Every structure is written in structure tokens, then in C-alpha cells.
Amino acid sequence: MKKSKLIIILLSLALLLVGCSNTKTYKSKEDVQAAVEEFFDGFLNEEVIKMESYYSDTLQSVFMKDNDKYYVNYPEAYDYYCFMLDGLKYTIADDRSVFQEDTTYDMTAETLNNFLLMNVTWYFEIDDETISYSATSKGSEINYNIQGNSDGSDYSVNVTAKKENNKILEVTSEIKYDDQVNVSKFLFTYGETIELPEYKMPKTYNNLPHVDSPYKTFGDAIYGHSEDDYFYYMFYDQELLLIVSKDNHFYQLSSVVDPEIINAYEELDFMEDDIEQKIYALIENIEVEDCVDFTNEILNEEQLNAYKGKKIIDLIHEGFEVSGHSFFDDTSVIYLNKDYMEYVFDVEVSEGFDPDSDFDYDAFNDFVVLSGRFDYVGTQALPMR
């Protein structure tokens, strides 16, 4: 054998041995879990990251994080943005309207954590000694497999993750259950920033006049308002809110209540016939602590009368949004909201419109307004301060 050929063979064997020495295998659940957690260490600390989720090679969703901004896109459904401003959390919806609330933002902020839990680490939470675990890792790639049996059916989960420069690039999860095979793939890129679309900040009700309450207790308001007065109550965190009208003024009455009252309220059976009386008995003796007069935040009679003769599309161009409809033999009504306040408009429907057909809200565009009136305060406006 020529010396040069022998050197080539020896070098190849040496490289093979080096490659084998970099491959580690794990057989116990604890060792597999530790290896996987080490591989994904730092992943949740990424500040600028994009995740594309695929199922059977079809793009299902796109998630982007840019520090405290987020973007989520479901290609076949909708997309939205989340951002923070002055310590408050906002969402820009699919129609590019903006609303301030914590739930959507907080849920979106948990996306990467939920991805890791549902597709990578959840399997380690299973308390079943019959499940077998194994894994192999080789620097920039790790593969782990679990096998078990559920209700007489064998299943296996095979997860492969790849990274480069200590950043996760790809995760593939293959789940086999009997003859079914489901494959999910997640691709990650870094450094792509989020540009928020143009938006208009929503109306806020945080600087309204505080006045003396027309009622001393909530019971006074409950039993003292007339049938023609506006009346609505709700619990908001630790507060009891009651919206009521009196003498052409609209008020928000509020008080911080004891947790025992809130617990008692939540334990009520709301299907009982006398539920309203039980709620009133629970809150009637609570004294009103604060009263906000929000009368000037509602379109008054003169302003509403100015819409007579206009079309629904004209109101939409002025910032209204259609929220519902009611069609009867003798009257037709369209519900619209503006700045979280809900209004009712009696309308003359377009010629040829069939209320029994399938239609979208834009079918109302040419309806002519006959009259309008205030209906109620949207919960997004509450509590007013």
C-alpha cells in the first residue's frame, strides 16, 4: 500500500473518531431533560426573534418579538400587533383599531414560553415510569425521543433541534400515534425589527369630573332610579361599579369592596329566578365612595339629531363602527359604537335589502338614519377615572 493512501485512511479514521467523540448519548429521563434544557438555555432571553410555525410543511403562523413589541400573523385568518406606551399595554387589531388592555399583550408575550413547553419540555412533566427516554447530541444539534403506550396504543415523540452561534434555528417535532404521524416544524431568525402600522390611539376616560354622588349607597341607586334611567353594574377587580343616569346626567358610582363580598357574588347561582334580588341584597348597603360625571362624553340629543338623513357609511367615516342590528316588521335598527360608547340608530333600509338573507355589515352602508339615541357604555371604557 502506498504511503499516501495509508495517510489518507488514517486521517479519515481520525476524523471519524473525533466526530464520534463529540456525540453524546443519554438514556435516562433525568439526563435527557438536563441535556435538552442545556441546549435551549438562553432561548427565552432573546429580545429580537422571529418564529415561523409549520404543520405538514404548511405555514400556520408567524410570531415576532422586538423587545416589548410583538407581531402575530395567522395567514389564513388575521394578524395583530402589541406594544407598550407610557407603561400601558396596547393591541392593534386586524382592522388596525387600537385598544388598551393587558390580556392579549400578556398572552402574546408568553408565545415562546408556550412553544417551548408544548413542543419540547412538556414531555418531561409526564409522571409515567413506563415511558422510555433517549437522546443524542452533537454540538449544534440534539435529538431526543420518547416512547410510551396510552390506552393500548403505542406512541412516540421525536424532537430534533438545531442551532448556530448558540441560537436556535430549527425545531422539528414528529409525533406518531398508531398509524398517524404529525410533523410540526419551527424556524427561527434573529434581528428583524417590528415597524408598527399607522394607528390612532383610542379614546381614554381618565380625566373626568368627580362630583358628589346623587346616591349615598348602592341600594339608593338600585331602588331609586326609574325605569327610564340607564342602569348597569359590574365588579372590576376589587371595585364595584354602577352606571346610572339621573336628571339627564350620567354617573359612574364606585367603591372598593371587601373580598368576602366578591367571593359571595362569584358563588351565586346565576340561573336562579331570584338572582337579581340576591345580588341587590349583597351590595345594597355598600356606600358610594366615588362618583364620576361622564355626561359630556356622550353624544347629546342635538349631536345625534345631526345624523338624521345621513347614511350609515357617513357615520362610519366619522369614526363609528357597526356592532349589531335588529330588523322587525315596523322598524329597523343598526347599533354603532364610537369611542366605546354604544348608540342605536333607527334607519330606513335600502331598496331590495332582504333581512332574511346572508349579509355582511357593509350591506348597511346606504341605510338612511331616521333618529339616534345613546344605548350603553362599552366595558372597554370602564372604569372611568
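Coordinates for the structure precede this section.
Residues numbered from 1 in each chain as written. Predicted model: local features only at pLDDT ≥ 70, side-chain atom pairs only at ≥ 80, totals over all residues. Heavy atoms only, no water.

## Comments concerning the packing of aromatic side chains
Next, step 1: The final tally for this structure, using the stated rule, is 41 aromatic pairs.
Next, step 2: Ring centres of Phe327 and Phe359 lie 6.1 Å apart, and the angle between their planes is 80 degrees; on these two criteria the pair is classed as edge-to-face. In this pair, Phe327 is assigned in strand β17 (residues 321–327) and Phe359 in the loop between β19 (341–348) and β20 (368–377), connecting sequence segments 32 residues apart.
Next, step 3: Ring pairing ties together the aromatic residues Tyr230, Phe250, Phe294, Tyr307, Phe320, Tyr343, Phe345 and Phe374, which thus form one cluster.
Next, step 4: When the ring centre of Phe39 is taken as origin, the NZ or CZ atom of Lys163, which lies over that ring, is 4.3 Å away.
Next, step 5: Sitting above the plane of the Tyr190 ring, Lys167 keeps its charged end 4.9 Å from the centroid. (Phe/Tyr/Trp six-rings, centres within 6.5 Å; stacked < 30°, edge-to-face > 60°. Helix = DSSP H or I, 4+ residues; strand = E, 2+ residues; numbered from the N terminus. Lys NZ or Arg CZ within 6 Å of the ring centre and 35° of its normal.)

## What about the sheet that holds β17?
Next, step 1: Strand order in the open sheet formed by four strands is β17-β18-β19-β20, and the pairing between neighbours is antiparallel. What marks the edges here is a single partner per strand, and that holds for β17 and β20. Each strand axis lies, on average, 25 degrees off the axis of its neighbour in the sheet, ignoring direction.
Next, step 2: In the sheet, β19 pairs with β20 via eight bridges, with the strands oriented antiparallel. Looking at the pairing, Glu342 lines up with Tyr376 of β20. (Pairing = 2+ DSSP bridges. Axes fitted to C-alpha atoms, helices over the stretch in contact; angles between N-to-C directions.)

## What to know about helix α2 (residues 29–39)
Next, step 1: Burial in α2 covers these residues: Val32, Ala35, Val36 and Phe39. With its buried residues spanning 95 degrees around the axis, α2 presents them on a single face. Those residues of α2 that are exposed and aimed more than 90 degrees away from the buried face are Glu30 and Glu38.
Next, step 2: Summarising the contacts, the buried residues of α2 are in contact with β1 (24–26), α4 (111–121), β8 (132–137), β9 (141–150), β10 (153–164) and β11 (167–177). (Buried < 20%, exposed > 50% of the residue type's maximum accessible area, 1.4 Å probe, protein only. Arc of directions from axis to C-beta. Contact = heavy atoms within 4.5 Å.)

## Description of the layout of surface pockets
Next, step 1: What the largest pocket holds in volume is close to 1200 Å³.
Next, step 2: Lining the largest pocket we find 37 residues, and of these Val98, Phe99, Pro202, Lys203 and Tyr340 sit closest to its centre.
Next, step 3: Of all the secondary-structure elements, those providing two or more residues to the lining of the largest pocket are β6 (88–92), β7 (98–100), β13 (231–236) and β18 (332–338).
Next, step 4: Take the lining of the largest pocket: its biggest share by element is three residues, from β7.
Next, step 5: The class makeup of the residues in the lining of the largest pocket is 16 nonpolar, nine polar and 12 charged. (1 Å grid on protein atoms, 1.4 Å probe; cavity = no way out; pocket = protein on both sides within 12 Å on 5 of 7 lines; lining within 4 Å. Points joined across faces, edges and corners; volume = space filled by probe spheres on them. Nonpolar A, V, L, I, M, F, W, Y, C, P; charged D, E, K, R; others polar.)

## A look at unusual backbone geometry
Next, step 1: In this chain, Leu382 is followed by Pro383 through a cis amide linkage whose omega measures -5 degrees.
Next, step 2: Positive phi, close to 70 degrees, is recorded for Asp57, a residue that is not glycine.
Next, step 3: With respect to the helices, strands and loops of the structure, Asp57 is situated in the loop between β2 (48–55) and β3 (58–66).
Next, step 4: In this structure Asp57 comes out as exposed when scored by relative accessible area, which is 69%.
Next, step 5: Within the chain, Asn248 stands out as a residue other than glycine whose phi angle is a positive 65 degrees.
Next, step 6: For Asn248, the location among the structural elements is in the loop between β14 (239–246) and β15 (249–256).

## Observations regarding the nonpolar core
Here is a general trend for soluble globular proteins: nonpolar side chains tend to be buried in one another's company.
Next, step 1: With 35 residues, the main nonpolar core has Phe40, Phe43, Phe115, Tyr144, Val171 and Phe188 as its most contacted residues.
Next, step 2: The residues touching Phe188, leaving out its near neighbours within four places in the chain, are Phe43, Ile49, Lys50, Met51, Leu112, Phe115, Ile168, Leu169, Glu170 and Val171.
Next, step 3: One finds Leu208, Phe294, Val369 and Val377 within the second-largest nonpolar core, a separate group that totals 34 residues. (Core = buried A, V, L, I, M, F, W, Y, C linked by side-chain atoms within 4.5 Å.)

## Re the pairing of β13
Next, step 1: For β13 and β14, the ladder comprises six bridges, and the chain directions are antiparallel. Counted as the bridge partner of Tyr236 is Glu239 from β14.
Next, step 2: Following β13, the chain reverses through two residues before pairing antiparallel with β14; Asp237 in that reversal takes a positive phi of roughly 55 degrees.

## Remarks on the sheet that holds strand β16 (residues 290–293)
Next, step 1: The strand order across the open sheet formed by four strands is β13-β14-β15-β16, and the pairing between neighbours is antiparallel. Looking at strand neighbours, the two that pair on one side only are β13 and β16, the edges of this open sheet. Mean inter-strand twist for the sheet, computed between neighbouring axes without regard to direction, equals 20 degrees.
Next, step 2: With four bridges joining them, β15 and β16 adopt antiparallel strand pairing. The residue of β16 that forms the bridge with Gln252 is Val292.

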